[in-house]
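Survey of secondary and tertiary structure
Single-letter residue listing:
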Amino acid sequence: MDKRKFSVVIVDDCPLYRKGIADVLTASAYFQVLGLTGDEKTALSLISLKPDIVIIDLDAKEFSPLNLLREVKYRLPTCRAVMMMSSANNSNNLMQAIRLDANGYLLRNIPIDEFLEQIEIVSQGGMAASEKITSALAEHLRSGTIEDVDNNITQLLTKREFEVLCCVAAGLSNSEIATFLDITDGTVKVHVKHLLKKLKFRSRVEAAVWAAGHDYRIPDEKLEKLGLVSSNPRRS
């Protein structure tokens, strides 16, 4: 029996670029492209086909990428959104996308092999991010409101919450965290909710980037022993 392919919708200002993405994904054994467009109205129509992933141009001028992301998440919460951007320096749009629960942040000049690897990570429930974007985010968060967390994190979080934070930083999904810590998915969700509140982060991605930047994550060798692979973009 053929393995089910993950369905993708591509929304990008540049016709040539979106066609290129479509060709790369179509040539893969893992993805099928449901449609591609540079128009927000058409994009929302394509979302009615219930794609697994939508790839959105975060730098778009012909439509509002953040409004589109908000609508996608509202209409189809299960759809995972990957934002493509020309530069890691557009921190304002990037932080807004994070707070709207986008699931990936990739530079437009990403190599094809790495692009496919990152989209596959997203399809499996992980987070995708180009290394330069992760570094920019970490710097942004270091200069933000959380100044003393590093010294007080063991006082702020319970031991289990800290373990969950390390797993989140390694890019594990809730089900993978549950397997790793031998707890239920529901318990993982509760711990994530509590640690976000305590650390004053608005999203899982913010927590993951900050924690990975401070090396609060499960070593890859421990994950590999359990058949889990870190999807953290900072891994070597």
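Residues numbered from 1 in each chain as written. Predicted model: local features only at pLDDT ≥ 70, side-chain atom pairs only at ≥ 80, totals over all residues. Heavy atoms only, no water.

On average, residues of the protein chain carry a pLDDT of 83, and 84% of them reach 70 or more. The low-confidence segment residues 145-149, where pLDDT is below 50, has six contacts with residues more than four positions distant or belonging to other chains. (pLDDT = per-residue confidence, 0-100. Contact = heavy atoms within 4.5 Å.)

This part takes up helix 9 (residues 174-181). Taken together, the buried positions of helix 9 are occupied by N174, I177, A178, F180 and L181. Along the axis of helix 9, the buried residues cluster in a sector spanning 165°; they form a single face. Of the residues one or two after helix 9, D182 is the one with positive phi, at around 60°. (Buried < 20%, exposed > 50% of the residue type's maximum accessible area, 1.4 Å probe, protein only. Helix = DSSP H or I, 4+ residues; strand = E, 2+ residues; numbered from the N terminus. Arc of directions from axis to C-beta.)

Next up on the list: the packing of helix 8 (residues 159-169) against helix 9. Between helix 8 and helix 9, the shortest axis-to-axis distance is 10 Å and the interhelical angle comes to 130°. By the angle between their directions, the pair helix 8 and helix 9 is classed as oblique. In this structure, the crossing between helix 8 and helix 9 has a hand that is right-handed. Between helix 8 and helix 9, the residues in contact are R160, E163, V164, C167 and V168 and I177, F180 and L181, respectively. Of the residues that constitute the contact of helix 8 with helix 9, the class distribution is six nonpolar, no polar and two charged. (Axes fitted to C-alpha atoms, helices over the stretch in contact; angles between N-to-C directions. Parallel < 35°, antiparallel > 145°, perpendicular 65-115°, else oblique. Left-handed = near helix turned anticlockwise from the far one by under 90°. Nonpolar A, V, L, I, M, F, W, Y, C, P; charged D, E, K, R; others polar.)

In the contact formed by helix 9 and helix 10 (residues 185-199), the axes pass within 8 Å of each other and the chain directions differ by 105°. The orientation of helix 9 relative to helix 10 falls into the category roughly perpendicular. Of the residues in helix 10, those touching helix 9 at N174, S175, I177 and A178 are D185, V188, K189 and V192. Of the residues contributing to the contact of helix 9 with helix 10, the split by class is four nonpolar, two polar and two charged.

It is worth spelling out the pattern of salt bridges at this point. Where charged atoms of side chains with opposite charge meet at close range, the side chains can pair. Per the counting criterion, the structure on display carries seven salt bridges. A salt bridge links R108 to D57, with the shortest nitrogen-to-oxygen separation between them at 3.4 Å. Remark: D57 occurs in strand 3 (residues 53-57) and R108 occurs in the loop between strand 5 (104-107) and helix 5 (112-123); sequence separation between them is 51 residues. Overall, the relative accessible area of 3% leaves D57 in the buried class. With its nearest N and O atoms 2.9 Å apart, the salt bridge here joins R75 to E71. Remark: E71 and R75 occur in helix 3 (residues 65-75); sequence separation between them is four residues, near one turn of the helix. Three or more residues joined by partner-sharing salt bridges are found here, namely D12, D57 and R108. (Salt bridge = Lys/Arg side-chain N within 4 Å of Asp/Glu carboxyl O.)

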